[in-house]
Every structure is written in structure tokens, then in C-alpha cells.
Amino acid sequence: MLGKFFKKKDSSNGQKKGKPKALPPLVDLDQNPLQEGDLVQALRYDLGKSKIVMEDDMIYYESLESGERVSWVKMIDAATEFQKVKKLSS
């Protein structure tokens, strides 16, 4: 009888079932497409002028000033799902 009042715990650890959410496109705030080797002005993490590098199937922004690397996933703007960077002209 108490089974009516209590929910069964889901064994999936709170993860939703179904398709995983697709990753947002790799574009800057102005919707310019980005690719490996592009130079950008990063607007987060004090990276400044950065280069897009790919290593071990992961994309990073590497600061040309400090050498620090930040994953592209951390640069996603929550409101637009675009990257918080501005592409610099070559």
C-alpha cells in the first residue's frame, strides 16, 4: 500500500534517457565559423589573443601570450550557445 506514495529510485543516477544533446556549433559571437589554426580574441579566462588547436580529438584555445589552454566547451556562451570569442582576420 505504501508503494503508491513513494517513487521508485531510478538506477540511472538521475540521467535522462534518450538522445544525448548535440554539441553547439564552433562559431564565434558573430556566427563566423571557426576551425583549427584560426586566431581569435578570447573574451574569457584572460586568454587574450589565442589560437585554436586540436589535440587528442579535443579542441582548445591556446593563449599566444601565456600559453594557457582552455577547452572550447568552457567558452560556450549560455545565452547564444556560440563561443565567447571574436575571430580575428588573417
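In case you missed it, the structure is sitting above this.
I will try to describe carefully the structure that is included in this document.

So, how was this worked out
Residues numbered from 1 in each chain as written. Predicted model: local features only at pLDDT ≥ 70, side-chain atom pairs only at ≥ 80, totals over all residues. Heavy atoms only, no water. Helix = DSSP H or I, 4+ residues; strand = E, 2+ residues; numbered from the N terminus. Buried < 20%, exposed > 50% of the residue type's maximum accessible area, 1.4 Å probe, protein only. Pairing = 2+ DSSP bridges. Axes fitted to C-alpha atoms, helices over the stretch in contact; angles between N-to-C directions. Phe/Tyr/Trp six-rings, centres within 6.5 Å; stacked < 30°, edge-to-face > 60°. Lys NZ or Arg CZ within 6 Å of the ring centre and 35° of its normal.

## A word on the overall build of the protein chain
Looking only at helices and strands, the protein chain features 0 helices and 5 strands. Starting at the N terminus, the α and β elements of the protein chain follow one another as β-β-β-β-β. Residue burial in the protein chain is summarised as follows: out of 90 residues, 27% are buried.

## Remarks on the sheet that holds strand β5 (residues 85-87)
Strand order across the open sheet formed by 5 strands is β4-β3-β2-β1-β5, with antiparallel pairing between neighbours. Each edge of the open sheet carries a strand with a single partner, namely β4 (69-71) and β5. Within this sheet the neighbouring strands show an average axis-to-axis angle of 40°, counted without direction. Looking at chain direction, strand β2 (residues 48-55) and strand β3 (residues 58-63) are connected through 6 bridges and run antiparallel. Residue Lys-51 lies in a different strand from β3, and its bridge partner there is Glu-62.

## Quick notes on the packing of aromatic side chains
Describing an aromatic ring pair means giving the distance of the ring centres and the angle of the ring planes. Applying the stated criterion across every chain, the model contains 0 aromatic pairs. Just above the ring of Tyr-60 sits the side chain of Arg-69; from NZ or CZ to the centre is 5.5 Å.

## A few points about the pairing of β3
Each regular strand carries side chains that alternate between the two faces of the sheet. Burial of the side chains of β3 is restricted to one face: Ile-59, Tyr-61 and Ser-63 are buried, whereas none of Met-58, Tyr-60 and Glu-62 on the reverse face is. The antiparallel pairing of β3 with β4 creates a hairpin that spans 5 residues between the two strands, and Gly-67 there sits at a positive phi of about 80°.

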